[in-house]
Amino acid sequence: MDGKTATMAVFKGKPVLLNLWATWCAPCVKELPTLDALAKREAGKLAVVALSQDMDAAKVAPFVRGKGLTALDVRTDAGMAWIPKVTPTLPTTILYGSDGREIWRMVGDYDWTGADAAKLLAEAK
């Protein structure tokens, strides 16, 4: 959200759960607190990145603060580079292993605090 460009290489050597979302997407907003809880629980073991697809990046930081999301690594993609290349739908979540390879992807909102999520995330190495 600081306007600096980053690539997935900044997470090299660590599994990454990448969530594509937007402030105007109701299922995304519903899912964000569970992603934040996951980020708190897995701090240091799993990078939980919420990549906003809002065209107006200035809306993202106030939205995140207003929702009380404190553990997520929130980034913006105002050019929406990921959407046409990765998925046509929000939210979409992709798990990358520590080697940078995609393990799986999920379309739609999900509760990232439950036992089923823990089983899915155990696939990350």
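For the structure itself, look to the data block above.
Everything numeric here is computed off the predicted structure, so don't read it as measured data. (Residues numbered from 1 in each chain as written. Predicted model: local features only at pLDDT ≥ 70, side-chain atom pairs only at ≥ 80, totals over all residues. Heavy atoms only, no water.)

What's the story with the overall build of the protein chain in this structure? I'm lost.
Looking only at helices and strands, the protein chain features 4 helices and 5 strands. Starting at the N terminus, the α and β elements of the protein chain follow one another as β-α-β-α-β-α-β-β-α. Taking 14 Å as the expected radius of gyration for a compact globule of 125 residues, we find that the protein chain reaches 13 Å, a close match to that expectation. Structurally, the protein chain occupies a C-alpha span of about 35 × 25 × 25 Å along its principal axes. Within the protein chain, residue pairs in contact and separated by at least 24 positions form 69% of the contacts whose partners lie at least 6 positions apart. Averaging the positions of the 16 positive and the 14 negative side-chain charges in the protein chain gives two centres separated by 4 Å. (Helix = DSSP H or I, 4+ residues; strand = E, 2+ residues; numbered from the N terminus. Rg over C-alpha atoms; globule rule 2.2 N^0.38 Å. Contact = heavy atoms within 4.5 Å. Lys, Arg positive; Asp, Glu negative; His and termini not counted. Charge placed at Lys NZ, Arg CZ, Asp CG, Glu CD.)

Explain the side chain of Thr92 to me, please; I cannot follow it from the model alone.
Locating Thr92 in the fold gives a position in strand β4 (residues 92–96). Judged by its relative accessible area of 0%, Thr92 is buried. Aside from chain neighbours lying at most four places away, what touches Thr92 is Leu18, Asn19, Leu20, Thr87, Met106 and Val107. (Buried < 20%, exposed > 50% of the residue type's maximum accessible area, 1.4 Å probe, protein only.)

Looking at this structure, I do not really get the packing of aromatic side chains. What am I missing?
Here the distance between the centres and the angle between the planes together describe a pair of aromatic rings. Using the criterion set out here, one finds 3 aromatic pairs in the structure. Ring centres of Trp104 and Trp112 lie 6.0 Å apart, and the angle between their planes is 5°; on these two criteria the pair is classed as stacked. For the pair Trp104 and Trp112, one class covers both residues: buried. Through a chain of ring-to-ring contacts, three or more aromatic side chains come together here, namely Trp104, Tyr110 and Trp112. (Phe/Tyr/Trp six-rings, centres within 6.5 Å; stacked < 30°, edge-to-face > 60°.)

Just to check I follow, could you spell out helix α1 (residues 26–41) for this structure?
Under the 1.5 Å per step criterion, the end-to-end length of α1 is 24 Å for 16 residues, consistent within 8% with the ideal 22 Å. Helix geometry: α1 is bent most strongly at Leu32, by close to 30°, with proline Pro33 lying one to four residues after it. Of the residues making up α1, those classed as buried are Cys28, Glu31, Leu32, Thr34, Leu35, Asp36, Leu38 and Ala39. For α1, the elements touching its buried residues are β1 (16–21), β2 (47–52), α2 (60–67), β4 and α4 (115–121). (Expected span 1.5 Å × (residues − 1). Bend = angle between axes of the 7 residues up to and from the residue.)

Is there a simple way to think about the state of the cysteines in this case?
Here, disulfide denotes a covalent bond that connects the sulfur atoms of two cysteines. Applying the stated criterion to the full structure yields 1 disulfide. Across the disulfide, Cys25 is cross-linked to Cys28 (sulfur-sulfur distance 2.3 Å). Residues Cys25 and Cys28 share a disulfide whose torsion about the S-S bond is about 75°; that sign makes it right-handed. Pair check on accessibility: Cys25 and Cys28 agree, each one buried. (Disulfide = S-S within 2.5 Å.)

Explanation requested: the sheet that holds strand β3 (residues 73–76) in the structure shown.
Hydrogen bonds along the backbone pair up the strands of a sheet, which may run parallel or antiparallel. If you trace the 5 strands from one edge of the open sheet to the other, you get β3-β2-β1-β4-β5, paired in mixed fashion. Of all the strands in the sheet, the pair left with one neighbour each is β3 and β5 (102–107). The sheet shows a mean angle of 20° between the axes of neighbouring strands, direction not considered. Here β1 pairs with β4 via 5 bridges, running antiparallel. Bridge pairing links Leu17 to Leu95 in β4. (Pairing = 2+ DSSP bridges. Axes fitted to C-alpha atoms, helices over the stretch in contact; angles between N-to-C directions.)

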